[in-house]
2 protein chains.
Amino acid sequence: MEASEQSTSDLAKQAIQVCLCFHSRKGARAITQVFDRALAPSGLKATQLSLLMVVGARQPIKIGALADDLVTDSTTVSRAIKPLLARNLLDIEQLSGDRRIKSLRLSSEGRRMLDLAIPLWQTAQTQVVRQLGNTMVQALLPGLEAASRLGPANPD
Amino acid sequence: MEASEQSTSDLAKQAIQVCLCFHSRKGARAITQVFDRALAPSGLKATQLSLLMVVGARQPIKIGALADDLVTDSTTVSRAIKPLLARNLLDIEQLSGDRRIKSLRLSSEGRRMLDLAIPLWQTAQTQVVRQLGNTMVQALLPGLEAASRLGPANPD
DNA sequence: CCATATAACATGTATATACATATTATTATG
DNA sequence: CATAATAATATGTATATACATGTTATATGG
């Protein structure tokens, strides 16, 4: 019983149902929307708060190390920090002897902003955890952690 | 034993470790990077292939329905289809009597592109599934599905 | 039927993201 | 030590994403 000769639409249906790229992005969009709305009073986007939190947790941190932590391109970090620098939430400085390297820290305004935003973050986090249930969250976080460690290819 | 009076950095460390927004986005970035690289020969981004697959699975589909399926803003869909329309991978048409509504379909070139891209997609999908392991994938997909159904707030 | 509210889609603006490439500084090599 | 290779960051360009707002068409109330 040959199952081949499938229509393009059937192939698409089967692929989209299991596509980890589609579903991870769709889930991330839905979650981000909840956080963005909760954070609106702070004037921060969810992505910006994440960046501030990582800097706060790891400061002083080099641009490149931040890119690694975020699993993002360093050119993305270069630009992502701009609105935060413009609002004086981050300090950028040459700490090392290597003059190519720039390090980031929370400014005092950045710390104040984090203190203000974290309660809003907690509201969103609690809301999502409650809606998903602890069991699902306990399954989701390790899966996402594992995904974020995906290598460039199959290291056979 | 008062645990309060925590430094901003400590708060940030604790929050970022469990933040569902941060981790969902970071995981989605990592996964998207794998798919984008596998799809490079097709000239499609992973997001564009997802859109083509959803249209292929549900055609003809209205812009608004597509936005709902993608858990994205309809203004995002308005723009996301532009590069695909420019490459003639999608047809857009007024099907219904309501002249506001536009419906999308795969064009014949869109079908050819899907047939060409799905094997590349399968390579990426298989790579990610193999690296994560079936158990993790079976945990991840339902979690992401649940996340994508997050409501606007707590519907108590 | 007309005025108004609402719905569907598009556009303005801002940020997020990545690849190709440029710039500058450091390291390695002959 | 001078030059070539490499590393860290920035910029050009394109797409992804969302909110505020605009446009046009349909629906609704009087």
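For the structure given in this document, a descriptive report is provided here.

Cut-off values and rules
- Residues numbered from 1 in each chain as written.
- Chains lettered and ligands numbered in written order.
- Predicted model: local features only at pLDDT ≥ 70, side-chain atom pairs only at ≥ 80, totals over all residues.
- Heavy atoms only, no water.
- Helix = DSSP H or I, 4+ residues; strand = E, 2+ residues; numbered from the N terminus.
- Rg over C-alpha atoms; globule rule 2.2 N^0.38 Å.
- Buried < 20%, exposed > 50% of the residue type's maximum accessible area, 1.4 Å probe, protein only.
- Contact = heavy atoms within 4.5 Å.
- Areas by Shrake-Rupley, 256 points an atom, 1.4 Å probe, with all protein chains shown as cover.
- Lys, Arg positive; Asp, Glu negative; His and termini not counted.
- Charge placed at Lys NZ, Arg CZ, Asp CG, Glu CD.
- Expected span 1.5 Å × (residues − 1).
- Buried area = accessible area lost by both parts, 1.4 Å probe.
- Salt bridge = Lys/Arg side-chain N within 4 Å of Asp/Glu carboxyl O.
- Polar contact = N/O pair within 3.5 Å; in protein donor to acceptor, adjacent residues only side chain to side chain.
- Nonpolar A, V, L, I, M, F, W, Y, C, P; charged D, E, K, R; others polar.
- Pairing = 2+ DSSP bridges.
- Axes fitted to C-alpha atoms, helices over the stretch in contact; angles between N-to-C directions.
- Near = heavy atom within 4 Å.

**Concerning the overall build of chain A**
Along the backbone of chain A there are eight helices and three strands. Listing each helix as α and each strand as β along chain A from the N terminus yields α-α-α-β-α-α-α-β-β-α-α. Taking 156 residues into account, the globule formula puts the C-alpha radius of gyration at 15 Å, and chain A, at 20 Å, lies well above it. Principal-axis analysis of the C-alpha atoms places the extent of chain A at approximately 70 × 40 × 25 Å. Relative to its full complement of 156 residues, chain A shows a buried share of 46%. Relative to all contacts within chain A whose residues are 6 or more apart in sequence, the contacts with residues 24 or more apart total 50%. Total accessible area on chain A is roughly 8000 Å²; 50% of this is exposed by carbon and sulfur atoms. Of the charged side chains in chain A, 19 are positive and 14 negative; the average position of the first set lies 8 Å away from that of the second.

**So, helix α8 (residues 134–148) of chain A**
If you check α8(A), its first and last C-alpha atoms are 21 Å apart, about what 15 residues at 1.5 Å a residue would give, namely 21 Å. Regarding α8(A), the residues found buried are A:Val137, A:Leu140, A:Leu141, A:Gly143, A:Leu144, A:Ala146, A:Ala147 and A:Ser148. In this fold, the buried residues of α8(A) make contact with α7 (108–132) of chain A together with α1 (8–18), α2 (20–39), α7 (108–132) and α8 (134–148) of chain B.

**Focus on the environment of B:Ala67**
Residues and elements named next belong to chain B. For Ala67, the location among the structural elements is in helix α4 (residues 63–70). What makes Ala67 buried here is its relative accessible area of 3%. Spatially, the C-alpha atom of Ala67 lies 9.0 Å from that of Ser78, the residues being eleven residues apart in sequence. Not counting chain neighbours up to four residues away, the residues in contact with Ala67 comprise Thr72, Asp73, Ser74 and Val77.

**Here's the deal with the interface of chain B and chain A**
The interface of chain B with chain A comprises 69 residues on the first partner and 69 residues on the second. When chain B packs against chain A, the two sides together hide about 6200 Å² of surface, and 70% of this comes from carbon and sulfur. Taken as a group, B:Thr8, B:Leu20 and B:Leu150 account for 11% of the area that chain B buries against chain A, more than any other trio of residues on that side. One can count zero salt bridges joining chain B with chain A. Inspection of the region where chain B meets chain A yields 18 residue pairs in polar contact (both at pLDDT 80 or more). Elements supplying a minimum of two residues to the side of chain B that touches chain A: α1, α2, α3 (46–58), α4, α7 and α8 of chain B. With 16 residues, α2(B) is the largest single contributor of residues to the side of chain B that touches chain A. Looking at side-chain class alone, the side of chain B that touches chain A contains 40 nonpolar, 19 polar and ten charged residues.

**Observations regarding the pattern of salt bridges**
It is possible for side chains bearing opposite charge to pair when their charged atoms get close. All names here are of chain B. According to the stated counting rule, one finds eight salt bridges over all chains in the structure shown. Where Asp69 meets Arg58, a salt bridge forms, and the shortest distance between an N and an O atom there is 2.4 Å. Of this pair, Asp69 sits in helix α4 while Arg58 sits in helix α3, and the two are eleven residues apart along the sequence. Its relative accessible area of 23% is what places Asp69 among the partly exposed residues. The exposure class assigned to Arg58 is partly exposed, which follows from its relative accessible area of 41%. For Glu145, the salt bridge goes to Arg149, with nearest N and O atoms at 3.9 Å. With relative accessibility at 26%, the residue Glu145 sits in the partly exposed group.

**Here's the deal with the sheet that holds strand β2 (residues 90–93) of chain B**
All names here are of chain B. Ordered in space as β1-β3-β2, the three strands form an open sheet in which the pairing is antiparallel. Of all the strands in the sheet, the pair left with one neighbour each is β1 (61–62) and β2. Sitting on the sheet, α3 touches β1, β2 and β3 (103–106), and the angle it makes with β3 is about 100°.

**Focus: the protein's contact with DNA strand C**
Looking at DNA strand C, there are 26 residues lining it, with A:Thr47, A:Thr72, B:Gln33, B:Ser78 and B:Arg79 nearest. Within 4 Å of the protein, the contacting atoms of DNA strand C are 65% sugar and phosphate, with bases supplying the remainder. At 3.4 Å from a base nitrogen of DNA strand C is found a side-chain nitrogen or oxygen belonging to A:Arg100. B:Lys102 is positioned such that a nitrogen or oxygen atom in its side chain is 2.9 Å from a phosphate oxygen of DNA strand C. Considered class by class, the residues forming the surface near DNA strand C number four nonpolar, ten polar and twelve charged.

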